[in-house]
Amino acid sequence: MMRLFSLILLMFGLSVSAQEVGTTPELKINTLAHGEFDLAAKRGQWVLVNYWATWCAPCLKEMPELDHYDQANADLQIIGLAFEETTAEELQAFLQTRPVSYPIALVDVYAPPAGWDVPRGLPLSILLGPDGAVAKRFVGPITGKDLDMARKAASEGGAGDE
């Protein structure tokens, strides 16, 4: 039912309640294969927090490009938050067929990480600047070009939601 609800919200483009632009969120979460991810330890570099699910076609479409972007940009770290009802074992099996090099954490859909709102549509990506503040939120799939433009705009003092 959660899948259907999220897909309906995404299809109708309803706004997503997530971290506000300009805020400095915290995130400390265990990943499947990369140990603990601590957002505070990433200060000084860009971070993209990407909510996704295995059943979300737009999420799957953007994964290879996000992986390539992550590998090509040493000043950026991506963290994938798998937002669905599944087990770590099932998610690891899925990632064997669609591998990415960035860390992936499984998020409880009923209890998201402290201080983070429940996404109302997927994919949802939140770009944080080197200062740790939210620079831009993206609803729907994104490309490396989208990230380049958002990083440039944030560096020049512009930010916002898409």
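Residues numbered from 1 in each chain as written. Predicted model: local features only at pLDDT ≥ 70, side-chain atom pairs only at ≥ 80, totals over all residues. Heavy atoms only, no water.

A. Just the environment of Cys-59, in detail. For Cys-59, the location among the structural elements is in helix H2 (residues 57–72). For Cys-59, a relative accessible area of 0% puts it in the buried group. Residues Cys-59 and Pro-123 lie 64 residues apart in sequence; the distance between their C-alpha atoms is 5.3 Å. Among all residues touching Cys-59, those that are not within four sequence positions of it are Trp-52, Ala-53, Leu-122 and Pro-123. (Helix = DSSP H or I, 4+ residues; strand = E, 2+ residues; numbered from the N terminus. Buried < 20%, exposed > 50% of the residue type's maximum accessible area, 1.4 Å probe, protein only. Contact = heavy atoms within 4.5 Å.)

B. How the structure looks around the pairing of strand E6 (residues 124–128). For E6, the tally of buried residues reaches five of five residues, placing the bulk of the element in the interior. Alternating positions in E6 separate into two faces, Leu-124, Ile-126 and Leu-128 on one and Ser-125 and Leu-127 on the other, with burial throughout. Bridge count between strand E3 (residues 46–52) and E6: five bridges; the pairing is antiparallel. Paired with Tyr-51 across the two strands is Leu-124, which belongs to E6. Sheet analysis places E6 next to strand E7 (residues 134–139), joined by five bridges and oriented antiparallel. Each residue of the ladder has a partner; that of Ser-125, found in E7, is Phe-138. Hairpin connection between E6 and E7: a loop of five residues separates the two successive antiparallel strands, and Gly-132 in this loop has a positive phi of roughly 90 degrees. (Pairing = 2+ DSSP bridges.)

C. A look at the nonpolar core. Counting 44 residues, the largest nonpolar core has Val-49, Tyr-51, Trp-52, Leu-81, Ile-104, Leu-127 and Leu-147 as its most contacted members. Of all elements in the fold, only E3, H2, strand E4 (76–83), helix H3 (88–97), strand E5 (104–107), E6, E7 and helix H4 (144–155) reach the threshold of two or more residues within this core. With sequence-adjacent residues up to four places away left out, Leu-127 is seen in contact with Trp-46, Val-47, Leu-48, Leu-76, Ala-133, Val-134, Ala-135, Lys-136, Phe-138, Leu-147, Ala-150 and Arg-151. (Core = buried A, V, L, I, M, F, W, Y, C linked by side-chain atoms within 4.5 Å.)

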